[in-house]
Amino acid sequence: MLKRVMEEQQNEAFTGIENARKYAEEAEKSSKMRFGGFLKRLNNLNIDGKYLEIGAGSGALAAMIAKNNKDIDITAVEPSPDMITVANEYIEKENLISQIKFIKGNITDEIFLEKLGKYDLIYSTLSLHHWDDPQKTIMNLMELLNENGVLMIFDLKRVWWLYWVPSQSGFYKSIRAAYKKHELEEMLSSINIDKYKIESIFPFFLQNITIRK
Ligand SMILES: C[S@@+](CC[C@H](N)C(=O)[O-])C[C@H]1O[C@@H](n2cnc3c(N)ncnc32)[C@H](O)[C@@H]1O
């Protein structure tokens, strides 16, 4: 019942400079709705230091975080070269080059992860449902946290009332590929993580996991 359906050709939307520009435009236009719930929780944690963003896309969120706190340095990981081009243009325009560094990489690549160093906060938004092996990835990311570090993963939630919309648009496909709360709980339990909180976020097809080291 309401089984998870992996997105096919999931990377299409992030490949090609025109697609990347379109994504960036939409992300910026809807940034409040998209990132508001995540930013509220992040601000409440009040974490200074080094941040790592996974699947950073067009850089809209990294820019919002960097503008809000000039003492934070963000390393932003993104596999799509087109997204990185668009993100770097945006960061330059916003005068944030000294705070945000985009690097090309895929979190399934453990050798790449090992070279990243350690962070006070690792976060990711709207990317989890694309990851091939989320358990392994989460375990690997926990290794990159400093003592008392926090991992925040914000993503869509598979809700029945959006699942059945017969639309072929990317958004609905993403909803069908997202996880339910109990699936996240099982995922975390299978890798022996118990210091976490999962919160449902308005408009309730969004959710946030906060994991403490
Ligand atoms: C829906 S976009 C979200 C972009 C941005 N985080 C945002 O919230 O607007 C998903 C992003 O995850 C990235 N992604 C997918 N699989 C990934 C992986 N294995 N490692 C790193 N990033 C990945 C994609 O390239 C894409 O930029």
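A brief structural summary. (Residues numbered from 1 in each chain as written. Predicted model: local features only at pLDDT ≥ 70, side-chain atom pairs only at ≥ 80, totals over all residues.)

### Remarks on the site of the ligand
1) Next: What surrounds the ligand is a group of 20 residues, the closest being Gly-55, Gly-57, Thr-125, Ser-127 and His-130.
2) Next: A class-by-class count of the residues in the shell around the ligand yields eleven nonpolar, eight polar and one charged. (Near = placed C-beta within 6 Å. Nonpolar A, V, L, I, M, F, W, Y, C, P; charged D, E, K, R; others polar.)

### Some remarks on the packing of helix H1 (residues 17–29) against helix H4 (residues 81–93)
1) Next: It is the contact of H1 with H4, at a shortest axis distance of 8 Å, that shows an interaxial angle of 50°. In terms of orientation, H1 lies oblique with respect to H4. Between H1 and H4 lies a crossing of right-handed hand. Of the residues in H4, those touching H1 at Ile-17, Ala-20, Arg-21 and Ala-24 are Asp-82, Met-83, Thr-85, Val-86 and Tyr-90.
2) Next: Looking at the contact of H1 with H4, its residues break down into six nonpolar, one polar and two charged. (Axes fitted to C-alpha atoms, helices over the stretch in contact; angles between N-to-C directions. Helix = DSSP H or I, 4+ residues; strand = E, 2+ residues; numbered from the N terminus. Parallel < 35°, antiparallel > 145°, perpendicular 65-115°, else oblique. Left-handed = near helix turned anticlockwise from the far one by under 90°. Contact = placed C-beta atoms within 7 Å.)

### Some points on the environment of Gly-36
1) Next: Within the secondary structure, Gly-36 sits in helix H2 (residues 31–45).
2) Next: Taking the number of C-beta atoms within 10 Å as the measure of exposure, Gly-36 has 15 and is therefore partly exposed.
3) Next: A sequence separation of 165 residues divides Gly-36 from Ile-201, and the C-alpha atoms of the two residues are 9.5 Å apart. (Buried ≥ 20, exposed ≤ 12 C-beta atoms within 10 Å, placed from the backbone.)

### A closer look at the environment of Gln-168
1) Next: Position of Gln-168 among the secondary structure elements: in the loop between helix H7 (160–163) and helix H8 (170–177).
2) Next: You can call Gln-168 exposed: it has 7 C-beta atoms within 10 Å.

### Brief notes about the packing of H2 against helix H3 (residues 60–68)
1) Next: Where H2 contacts H3, the axes come no closer than 11 Å and their chain directions differ by 55°. One element, H2, and the other, H3, form an angle in the oblique class. The two elements H2 and H3 cross, and the hand of that crossing is right-handed. Note on element contacts: H3 touches H2 through Ala-60, Leu-61 and Met-64, opposite Ser-31, Phe-35 and Leu-39.
2) Next: For the contact of H2 with H3, the class distribution of residues is five nonpolar, one polar and no charged.

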